Amino acid sequence: MTAAARPDAGLKLTGSAPYGTDLDVPGMLWAAFVPAPVAHGRLRGLDLGAARALPGVTVVGPDDLPGLLGPRERDAERPLLVPDEILYRNQPLALVAAPSLAAARAAVAAVRVDVEPLPVVADLESVFPDWPGSDAGAHPQVAAHVHARHGDLAGEFRRADRVLAETYRTASVHQVALEPHACVAEIRGSTWYVHTSTQSPFGVREDLASLLGVPEESLVVDGTWVGGGFGGKGGSFLEPYALLLARASGRPVRFALTYEEEFRLGRTTLPAVIRMETAVRDGSIRARRVRLLLDVGNSLPGRDFATGYSIGFLLGPYRTEAFEVEGYAVRTHKPPFGPHRAPFAPQCAFVVESHLDHVAREMNADPETFRLQHLWVEGSTTPMGQTVGPFGLRPAFERAMTTARSWRAALGPGQGVGIAGGFWSTGTGAGGEARLRLGPERLTVLEGEREIGSGSVLAGLTAVAAQATGIPPDRIDIVYGDTATAPFDSGVYGSRTVGALGRAIQEAAVRLRRTLAERLHGQGQAELVVREGTLVATLGSRSAPVAELLTEAERAEGGLVADGRHFAAPNHLDEDRVVAGQFYPYNDFAGSVHVAQVAVDRATGQVRVERYAAFQDIGTVVDLGSAQAQVEGAVAMGLGTALTEEAIWTDDGRLVNDGLLDYRIPTLGEVPPVDVTFVEGYAGAGPNGAKGLGEPPIIPVPAAVAIATRAACGAHVTELPLSAERVARALKLL
Amino acid sequence: MTDAAVPLTVNGHAHSVRDVPGPERLLDTLRWRLGLKGTKEGCRSGACGACVVLVDGRATLSCLTLTHDVPGAQITTIEVGPEDAAVARVRAAFAQEGALQCGYCTPGFVLTLAGLLHERGRRAAREELLEAAGGNLCRCTGYAAIVRAVERLATEDR
Amino acid sequence: MATFDLSAPESPEAVVAALRAAGPGGATPLAGGTDLLFDLDEGRVAPAHVLSLRRLPWRTLDWVAGALTVGSTLPLRALEDDPQVRTLYPGLYEAVRNVGSVALRQRATMGGNVVRSAPASDLIPILLALDAELDLFGPQGSRRLSVDRFVIGSRRTELRPDELVRSIRFPEPRPSAFCWQRVRPSNDISQVAVATAYSPSDRTWRVAVGGVQPRPRLLPEAARELTGPDPPPAAVGRAAAVAAARSPFVSDRRASEEYRRRLVASLVERAVGLTRPAPPRSA
């Protein structure tokens, strides 16, 4: 299938789309951090004098920012610059700006840092060599403890025919957006201006206001083209530093990370250990107990979101009579945990699916039929007491089984096929607004998200606007504003763009068409059509060119304006099931089921993925080309998590593989063709029943590869990634 | 020697780039002295291919090339006009297949494939094109649409 | 990063003179630069002068009496593009096309690879297996040294401070193979690499292994288990076992020592199996 040409193809194929790294403001300075030389230590001295004495160099140290607080979600209640205790290696100690990058680095090199090293806790498992008791929530290294249960757990385990218990381990993986973080800040009069490559201009503004004590009205955040986000470009990161340097120097300041810094400072998925116990009776799952130790790096106590959000994914989309889940967010001397495309959900699906595949095999049951029997369907109650809405997971699973059967019929030695599923909460609930402006011949959609590559803005929102107004896509322009001119939007995350902004556009379109109906002296909604090259509004038998329906003032301002907004009702879970900590309810369940065929080299353990099929519960396809492209891209990214990606940290908190030579994302050679099938008809909360798609298709990938690997060669690997060495160990080759 | 101006012809335009330090990479000269930001900085270690440009027709990692080591070279970047037929062909194939998302890797892919077309002319085979593109990383597309664009390039003139 | 100036002398003699004039560490020759630039960036070498070899007449590929000689500054891409290299030195072809990406090989050179002498070099094992010999150019003229004697350690060679590698000369064509294992199959550095070659004239084998410390090395004990063009499976198995036992592996971020031992055994078996006479030379 050939996708339609992307609206941004022309710009991007001629080098005409400026990204954050490309910003070049006359007179700007180049910035750099002074990095902490240890992962844990006390800062005894920071001598900035020699750096300050260098010509043209501006230095900002911790003493220059009294009272300034760190980013809301991540370094909250912690200064931007280390005042005293260093908590991860390369943590910023001071900032410099200079007329060139070389001069900035020379200034960094001129800073004298005196540090008293303290014991480093880099390894999650060194904190809890054994599984912690329920009192471990008070442990100083625990940032959060979540605990929930329901049903007669003890009774079910006692009455079980079999209890199967396994321990899984998952690795730290990085987003690897090819564009490093980059921004340029400048202060124009009383306005603090920052151009930045971000998934969320309004999120950055909110962070900056709380960090720098500057009112939101005085801050303007202007998004650039974004060279990939994948969760890594959410809230503020470099922007407050660039603004501080701009204020101190009186010059525009460019701050961009090197790729090594991108790895070293990245806020992303960290390692985890998961214990799964399942009680089975009469061929059915009766009860499950799940325990999670999640490394959250330097996330602060009470500020962990990952554990309470992801632990529900460790129960998977499966019915169970009784359960207990317990998760510990464990602090280590690493950068804080941060979101990475469906944060931690692919790892959870790997554990759940591999474990249930294992349980079924131990029960001599067909692993796929076994899982199918337990899948949620619409109306099921989740373990946390939520009711599942329209959900295409089971039909997707059935279609995947058909595909798997046909592939299995042609397998040779060393080959195997696996199926894995998973679900995601597609985040349509987060708020957003859009403004439509109907000119004489064209429609403008004004909104606050930049296209980060997925197509959700340029293709997705154009498609929604076309469908909602009747205006052909080639007459629709998406216009991004900065935070001073665009309607509010919470940003590109949680697969929410088409859902939330699409609904806002639909609402605005209804208003627009009502106004046009009134101007045609009727009621209801006018239709918009193109007749002989002219945009015309019609209502029943009445019609008029749009140009004639606009007032003089509207024509002067570019058109008739209508606003829409979307804020979904909050979701709830059964608080009676929560023993401790905070759990986050899901909404708008979207299912994914994937089929992988692998070939395993039995001499080396090397796994090669040969064929791949994805079945996505999408509600309604909004734009087929970009939807397919999202799935293809997510599968490739998931194959990296499955097979080769692993950030390796030493015991003293140093990241060993801080470059793309040693942190291996898939190349073209590692990714097989992906057959994409959309399972429609199970409506979500987005426009016309659409569900989000950015994240769901990465979720089952590591699980599908692991299950296929076991089918191919018998290797049951309980650790990600499935490196050849791990497979070789599982095959007892070592 | 190092202080002498470096003559470069970039996309057909002759430049004499002054005051280039010895360690400066062609990547930085193009981006920050000539203002050609279409060439992207990624890993700066030859691992991602985002910075590939053509040097005398050959796809070259501009992050691992010293500007002083290519005096007099004919350089082609993503900003080149339609006069470079190979670049034009690759652009058309990428546009037709939607073979890009965020677009940050796109200049490197286009120049890498155009370089192979320059090397092989119209006889470039699918496997050779894929091998060349195998040195470029893309995190968005999963390569599927890029492979479709390559297939288009490999078959369109047969 | 310290700064340096770059010049490109017109002759080998001029490069050597500049090296002598700068004294040890004062100047560094630059071929493709795809490895050296990392050391310059990190300050592991900090010469005041970098001497580009791009104007030397050494971007050559010659056939003398049917045997291959590769000029040290020939881009690897030109070597892999030669159809005769592919058919007559299949192990060399396989090794060359597995160095980095196509774009990297437009600049990377064989001379640079040997002089830089990285422990994970994917070229040195096949040069060892093929018994390649280096032609070194210095102030006193030329001398010849086998790659096995030239490469003495991790990033250490017998190259004198005022010497250059002019060319790499291969013996007459013979069956050869190169096999590797990587974390990521495409565009990565090998965890273990094995190169094998069979010399029909004296019916002997050479087996070399990479991914060992401190440098790729020959495994004569393994090679001795092999005789004739088509050694029996039992002999191949013995060679593989000896290779696994004798290779000085260590654990690092790419693989554990024990996994490397496992790999080398299977890679030796594969490489020997692939070491087959070339098809007849085409006109």
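Conventions we followed
Residues numbered from 1 in each chain as written. Chains lettered and ligands numbered in written order. Predicted model: local features only at pLDDT ≥ 70, side-chain atom pairs only at ≥ 80, totals over all residues. Heavy atoms only, no water. Helix = DSSP H or I, 4+ residues; strand = E, 2+ residues; numbered from the N terminus. Rg over C-alpha atoms; globule rule 2.2 N^0.38 Å. Buried < 20%, exposed > 50% of the residue type's maximum accessible area, 1.4 Å probe, protein only. Contact = heavy atoms within 4.5 Å. Areas by Shrake-Rupley, 256 points an atom, 1.4 Å probe, with all protein chains shown as cover. Buried area = accessible area lost by both parts, 1.4 Å probe. Salt bridge = Lys/Arg side-chain N within 4 Å of Asp/Glu carboxyl O. Polar contact = N/O pair within 3.5 Å; in protein donor to acceptor, adjacent residues only side chain to side chain. Axes fitted to C-alpha atoms, helices over the stretch in contact; angles between N-to-C directions. Parallel < 35°, antiparallel > 145°, perpendicular 65-115°, else oblique. Left-handed = near helix turned anticlockwise from the far one by under 90°. Nonpolar A, V, L, I, M, F, W, Y, C, P; charged D, E, K, R; others polar. Phe/Tyr/Trp six-rings, centres within 6.5 Å; stacked < 30°, edge-to-face > 60°. Lys NZ or Arg CZ within 6 Å of the ring centre and 35° of its normal. Pairing = 2+ DSSP bridges.

Novice: Give me the lowdown on the overall build of chain A, citing residues and values where you can.
Specialist: Looking only at helices and strands, chain A has 19 helices and 27 strands in total. Relative to its length of 734 residues, chain A is compact, with a C-alpha radius of gyration of 27 Å against a globular reference of 27 Å. For chain A, the C-alpha atoms occupy an extent of roughly 80 × 75 × 50 Å along the three principal directions. Across the 734 residues in chain A, those meeting the buried criterion constitute 65%. In chain A, the share of contacts with a sequence separation of at least 24, taken over all contacts with a separation of at least 6, comes to 79%. Total accessible area computed for chain A in this model is approximately 24,400 Å², and 49% of it derives from carbon and sulfur atoms.

Novice: Now, about the interface of chain C and chain B: what can you tell me, with residues and values included?
Specialist: Listed per partner, the contact involves 30 residues of chain C and 27 residues of chain B. The junction of chain C with chain B conceals about 2,300 Å² of combined surface from both sides, 54% of it contributed by carbon and sulfur atoms. Of all residues in chain C, the largest losses of buried area upon contact with chain B belong to Leu6, Leu37 and Arg107 of chain C, amounting jointly to 24% of the total for that side. Taken together, the connections running from chain C to chain B amount to seven salt bridges. Of the charged contacts in the structure, one is a salt bridge between Arg120 of chain B and Asp81 of chain C, with a shortest N-O distance of 2.8 Å. Taken together, the links from chain C to chain B amount to nine residue pairs in polar contact (both at pLDDT 80 or more). Looking at the side of chain C that touches chain B, the elements with two or more residues in it are strand E1 (5–7), helix H2 (36–42), helix H3 (76–80) and helix H6 (102–105) of chain C. Tallying contributions element by element places H6 of chain C first for the side of chain C that touches chain B, with four residues.

Novice: Describe the interface of chain B and chain A, naming the residues involved and giving the relevant values.
Specialist: If you look at the interface, chain B gives 41 residues, while chain A gives 52 residues. Overall, the association of chain B and chain A removes approximately 3,600 Å² of surface from exposure, summing both partners, and the carbon and sulfur fraction of that is 61%. It is Trp32, Gln101 and Arg139 of chain B that lose the most area in chain B upon contact with chain A, and together they represent 23% of the buried surface on that side. Linking chain B to chain A there are five salt bridges. Lys40 of chain B is the partner of Asp22 of chain A in a salt bridge, and the nearest nitrogen-oxygen pair spans 2.8 Å. Here chain B is connected to chain A by 19 residue pairs in polar contact (both at pLDDT 80 or more). For the side of chain B that touches chain A, the elements supplying multiple residues, two or more each, are helix H1 (26–33), helix H2 (85–97), helix H3 (106–120), helix H4 (126–133) and helix H5 (144–155) of chain B. Take the side of chain B that touches chain A: its biggest share by element is five residues, from H2 of chain B.

Novice: Quick rundown of the packing of helix H13 (residues 456–469) of chain A against helix H14 (residues 497–519) of chain A? Include the residues and the values.
Specialist: All names here are of chain A. At a minimum axis distance of 9 Å, the contact between H13 and H14 shows a crossing angle of 30°. For the element pair H13 / H14, the angle class is roughly parallel. Judged by the twist between their axes, the crossing of H13 over H14 is right-handed. Across the interface between the two elements, Ser456, Val457, Gly460, Leu461, Val464, Ala465, Gln467, Ala468 and Thr469 of H13 pack against Thr497, Val498, Leu501, Gly502, Ile505, Gln506, Ala509 and Arg513 of H14. Residues that form the contact of H13 with H14 fall into these classes: nine nonpolar, seven polar and one charged.

Novice: Residue-level account of the packing of aromatic side chains, with values.
Specialist: Using the criterion set out here, one finds 30 aromatic pairs over all chains in the structure. Feature note: the residues Tyr309, Phe313, Trp376, Phe391, Phe423, Trp424, Tyr584, Tyr586 and Phe589 of chain A constitute an aromatic cluster, connected by ring pairs. The cationic tip of Arg450 of chain A hangs over the ring face of Trp225 of chain A; the distance from NZ or CZ to the ring centre is 5.5 Å. Its end group placed over the ring of Trp180 of chain C, Arg182 of chain C keeps NZ or CZ at 4.4 Å from the ring centre.

Novice: Before we move on, can you summarise the pattern of salt bridges with the specific residues and values?
Specialist: Under the counting rule described, the total for this entry stands at 90 salt bridges over all chains. Ionic pairing is found between Asp188 of chain C and Arg664 of chain A, a salt bridge with its closest N-O pair at 2.5 Å. Of this pair, Asp188 of chain C sits in the loop between strand E11 (176–181) and strand E12 (192–199) while Arg664 of chain A sits in the loop between helix H17 (624–643) and strand E27 (674–680), placing the two residues on different chains. Taking relative accessible area as the criterion, Asp188 of chain C reaches 6% and is therefore assigned buried. Arg44 of chain C serves as the salt-bridge partner of Asp39 of chain C, at 2.5 Å between the closest nitrogen and oxygen. For Asp39 of chain C, a relative accessible area of 8% gives the class buried. In this structure Arg44 of chain C comes out as exposed when scored by relative accessible area, which is 54%. Taken together, the shared-partner salt bridges connect Glu119, Arg120, Glu128 and Glu131 of chain B together with Arg77, Glu80, Asp81, Glu94, Arg97 and Arg105 of chain C into one network.

Novice: Provide a residue-level description of the sheet that holds strand E14 (residues 284–297) of chain A, including the pertinent values.
Specialist: Residues and elements named next belong to chain A. Strand order in the open sheet formed by six strands is E8-E13-E14-E15-E7-E24, and the pairing between neighbours is mixed. Of all strands in the sheet, those with a lone pairing partner are strand E8 (162–170) and strand E24 (578–580), marking the two edges. The average undirected angle you get between the axes of adjacent strands in this sheet is 15°. As judged from the eight bridges shared by strand E7 (residues 142–150) and strand E15 (residues 322–331), these two strands associate in the antiparallel manner. Bridge pairing links His147 to Glu326 in E15. Packing of helix H10 (residues 345–362) onto the sheet brings it into contact with E8, strand E13 (272–281) and E14, and relative to E8 it is tilted by some 150°.

Novice: Residue-level account of the side chain of His174 of chain A, with values.
Specialist: As for its position among the elements, His174 of chain A is in the loop between E8 and strand E9 (182–188). When its relative accessible area of 4% is taken as the criterion, His174 of chain A is described as buried. For His174 of chain A, the side chain forms a polar contact with the main-chain nitrogen of Val176 of chain A, separated by 3.0 Å. Discounting chain neighbours no more than four positions away, the residues touching His174 of chain A are Glu262, Phe263, Gly266, Thr268, His340, Glu645 and Tyr663 of chain A together with Arg139 of chain B.

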